[in-house]
Structure formats: structure tokens, C-alpha cells
Amino acid sequence: MSAVRYSAPVIAVCAYYEVSDSEGRYKIIKALFWIHYIFAIINFATVVFFPSGLYTYKDELYFFIGHNNAAGRFLLPTIAYAVIVDIKEKGHLGWRTYISGILAFITVCLTWSNTSMVGIGVVLVLLFVFSKRNLPTFFNMRNVFILSLVITLVLVLGNSFGIFEAIIVNVFHKDMTFTGRTTIWNAVLINIVNKPIFGYGYDVDIWSYASMGNLEPSSAHNYYLDLLFRGGIVQLLIQLVIVAVDIKRMDRQKNRLSNALTIVFIGYFIMWSFEPFVNTGYLDMLLLMLISSGLNSIYKIDSYEYLPKLHEY
């Protein structure tokens, strides 16, 4: 299963560059949707019928698509591919988006994956509210991305959850280390200072470089810190450039699909502050950025053949 899960986006990226016509690229996207959709259904079934996990490793639960907390990183692109297929074929959100979204949210609720619950929950609410109208001007990819950076700086460097304390303790029933995240962040920051330019590489375990008591995390549980730890400032800058280019191109494409994909990326930016996307979900995320940055060429949006402008509704 892991081989299919991780190889699918790699093969898709290669095929995507090889295929130049819009219909060919759409077939690749539709294939990705069905792979993700079928896997999401099977994973949901394992969560329901095997609540203690298909197996455990170091007291952690694992289901069909892997670790219980990793589901959100797989289910978010499932929603994105569903959105693309629905709008391409129907001109609006349809059953694929709704079923994928509901399935995703129930799954992360059953596994109590807090960050995924928030990220996917926000995406579903925004998709529903703004399905037929533009997002408010201030609520765009650029501003949410900047907010994500600010949150990381406040939480990681300030080491304080401040206004989030009531939610963390009373709603999610976590302690104020947020399941050890503050301990991990502090340890990772110390090591980043030692190799700030190129980092430590990907074939390493964070816990082997930093003293974290009884914690043995495979990641920093913060996408920005993970990039700095594994690839240094160089990789962080590359990722920032990719995001900046994607934001610029998305801003030029004012249509129903760009509106919906912007909402999906808002979910990503929310989750970046707490989730290790360098472990899983990284390739799907970059593939979505590639697709979203070239919507005009894929869907002939210049003539709005498939995607009428939002103000026409």
C-alpha cells in the first residue's frame, strides 16, 4: 500500500510534465482522485472496524494509510482532487467533494487528529460558504500564509500558546506542551543553529540528534522547522519561492476552481504549524501547487470554457 501511496504522486509529476494537452493532464488528475478516494474509503473502514488499529508500533496506532495522525495529510489532497474533477465536469462542487470532505472529517475525528480536524474543518466550512462567491479580499493565500508564519514564530520562538490555551486544554484535552511539541521544537531549534545552511539531510531521525526525554519523534511537527532541520535555510527558501510563485499565479486566476483550491491551501497553511509534511503528504502537496499554478493551460480558463467567472453566478 505504501508503495502505491508514495509512488502515485511521483509518477503523476513525471507524467504531468510529459503531457502537454489539457485533457491528458486532466486524466492524470482524475486518476489521482480515484486512487485517493478508494484509499480514503478503505482507511475509513479500517478506522471504524479496527478502532485499536490494524497494528501498533511504539504504542502508536496505524491504519490502512499509515499512522493515525497522518491521515489528514492524505485526505486533504483527496478533497482537492475531488474539487478539480467536480468543477471540471459539473462547473460546481458535487458529490465527489462532499463525500470526500465528510469522509475525511469523520475519519480525523474518529482518530482524534486535532490539527487535521481544524485544517479540514476550516476547508469544508469555507468551501460550503464560498462555493458560489469570492472569498473576502483579505482572506487570501498570501495573508493566510503570512499568518501561518506568524503563528509559527509566536508558538515556536515565543514558546507560548497564549489565546489558544483554552482550546488546547478544554476542547482537545491536551496539555500545554501540545503532546510534547514544545519540547520537540526547543530541541530542534538548538540543532538548527549548528547546521543552519544545508541542515542534516533526510536520512536522519530528529531524536538521535536532540535530547527529548522519552520522546522519539521522526519529525519536528512543524513544517517550517522540518525544512530548516533537514534542508537548512536553502530548502526553506526554495519552499518559500514555490509558495510565492503559486500565490502570484493563483491571484491572476479569478474563477471558481482557483477560489476552491485557495481554500484547500488555507487548510495546508493552518496545518503547517503543527504537522510534519516532510514525512508524508509532501509530494501530493507540491503536485497540487504545480497544478494550481497552471490552471489556465489545463482548463483553458482564458476562454472560460469550463470555469465561468464567479461574478456571473
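Use the structure listed above.
Just so you know, these numbers come straight off a predicted model, no measurement behind them.

1. Structural notes on the overall build of the chain
In terms of regular secondary structure, the chain is built from 12 helices and 3 strands. A burial count over the chain gives 51% of its 313 residues as buried. The long-range fraction of contacts in the chain, counting pairs at least 24 apart against all pairs at least 6 apart in sequence, stands at 73%. Just so you have it, the chain exposes about 14,400 Å², and 65% of that area is on carbon and sulfur atoms.

2. Side note on the packing of helix α3 (residues 71-90) against helix α10 (residues 256-272)
Relative placement of two packed helices is described by the angle separating their axes and the distance separating the axes. Following both chains from N to C, one finds α3 and α10 inclined at 175°, their axes separated by 9 Å at the closest point. Relative to α10, the element α3 is oriented roughly antiparallel. Residues G72, R73, L76, P77, A80, V83, I84 and I87 of α3 form the contact with α10, whose participating residues are R256, L257, A260, L261, V264, G267, Y268 and M271. The residue makeup of the contact of α3 with α10, split by class, is 12 nonpolar, 2 polar and 2 charged.

3. Looking at α10
With 17 residues, α10 extends 25 Å between its outermost C-alpha atoms, agreeing within 8% with the 24 Å of an ideal straight helix rising 1.5 Å per residue. Across the 17 residues that make up α10, a large majority, 16, are buried.

4. Brief notes about the packing of aromatic side chains
Counted under the stated rule, the structure contains 18 aromatic pairs. Consider the rings of F145 and Y224, whose centres lie 6.5 Å apart with planes at 50°: the pair is tilted. On the criterion of sequence distance, the pair formed by F145 in helix α6 (residues 141-157) and Y224 in helix α9 (residues 223-252) is long-range, its members being 79 residues apart. Judged by relative accessible area, F145 falls into the buried class, the value being 9%. Among the residues examined, Y224 registers a relative accessible area of 6% and is labelled buried.

5. Quick look at unusual backbone geometry
In the Ramachandran plot, W112 falls in the positive-phi region, its phi being about 55° despite a non-glycine side chain. Mapped onto the fold, W112 is located in the loop between α4 (95-110) and α5 (114-129). What makes W112 partly exposed here is its relative accessible area of 38%.

6. With respect to the environment of V156
Within the fold, V156 resides in helix α6. Its relative accessible area of 3% is what places V156 among the buried residues.

7. A word on a nonpolar patch on the surface
Together, V48, F49, F50, L54, Y55, Y57, Y98, I102, I106 and L110 line one region of the surface with nonpolar side chains, adding up to about 1,100 Å² of accessible area. When contributions to the nonpolar patch are tallied by element, the ones reaching two or more residues are α2 (22-49), β1 (55-57) and α4. Of all the elements, α4 adds the most residues to the nonpolar patch, at 4 residues. Its location among the elements puts I102 in helix α4. A residue is classified by how much of its surface remains accessible, and I102, at 52% relative accessible area, is exposed.

8. Observations regarding helix α11 (residues 282-293)
Across its 12 residues, α11 extends 17 Å between first and last C-alpha, which sits within 8% of the 16 Å expected from 1.5 Å per residue. Along α11, the positions that sit buried rather than exposed are D284, M285, L287, L288, M289, I291, S292 and S293.

9. Some details on the environment of P51
Its place among the elements puts P51 in the loop between α2 and β1. Of the residues examined, P51 reaches a relative accessible area of 57% and is grouped as exposed. For the pair P51 and Y62, spaced 11 residues apart in sequence, the C-alpha to C-alpha distance is 9.8 Å. Leave out the neighbours within four places in its chain, and P51 touches T46, L61 and F63.

10. Comments concerning the nonpolar core
Among the nonpolar cores identified, the biggest contains 76 residues, and Y268 and W272 are the most heavily contacted of them. For this core, the leading source of residues is α3, giving 12 residues. Beyond its immediate chain neighbours, meaning those up to four positions away, Y268 contacts L76, P77, F277, M285 and L288.

11. What about the packing of α3 against α4?
Contact geometry for α3 and α4: axes closest at 8 Å, N-to-C directions at 170°. Considered as vectors, α3 and α4 are oriented roughly antiparallel to each other. Taking contact as the criterion, the partners of A71, G72, L75, T78, I79, A82, V83, V85, D86 and E89 in α3 are, on α4, W95, R96, T97, S100, G101, A104, T107 and V108. The residue makeup of the contact of α3 with α4, split by class, is 9 nonpolar, 6 polar and 3 charged.

12. As for the sheet that holds strand β2 (residues 60-63)
Each strand in a sheet pairs with its neighbour through backbone hydrogen bonds, running either in the same direction (parallel) or in the opposite one (antiparallel). As summarised here, the arrangement of the 3 strands in space is β1-β2-β3, forming an open sheet in which the pairing is antiparallel. Looking at the sheet topology across the chains shown, the edges are occupied by β1 and β3 (66-67). With 2 bridges connecting them, β2 and β3 associate as antiparallel partners. The residue of β3 that forms the bridge with Y62 is H67.

Criteria and thresholds
- Residues numbered from 1 in each chain as written.
- Predicted model: local features only at pLDDT ≥ 70, side-chain atom pairs only at ≥ 80, totals over all residues.
- Heavy atoms only, no water.
- Helix = DSSP H or I, 4+ residues; strand = E, 2+ residues; numbered from the N terminus.
- Buried < 20%, exposed > 50% of the residue type's maximum accessible area, 1.4 Å probe, protein only.
- Contact = heavy atoms within 4.5 Å.
- Areas by Shrake-Rupley, 256 points an atom, 1.4 Å probe, with all protein chains shown as cover.
- Axes fitted to C-alpha atoms, helices over the stretch in contact; angles between N-to-C directions.
- Parallel < 35°, antiparallel > 145°, perpendicular 65-115°, else oblique.
- Nonpolar A, V, L, I, M, F, W, Y, C, P; charged D, E, K, R; others polar.
- Expected span 1.5 Å × (residues − 1).
- Phe/Tyr/Trp six-rings, centres within 6.5 Å; stacked < 30°, edge-to-face > 60°.
- Patch = residues over 30% accessible without salt bridge, like charges linked within 9 Å, V, L, I, M, F, W, Y side chains within 5 Å.
- Salt bridge = Lys/Arg side-chain N within 4 Å of Asp/Glu carboxyl O.
- Core = buried A, V, L, I, M, F, W, Y, C linked by side-chain atoms within 4.5 Å.
- Pairing = 2+ DSSP bridges.

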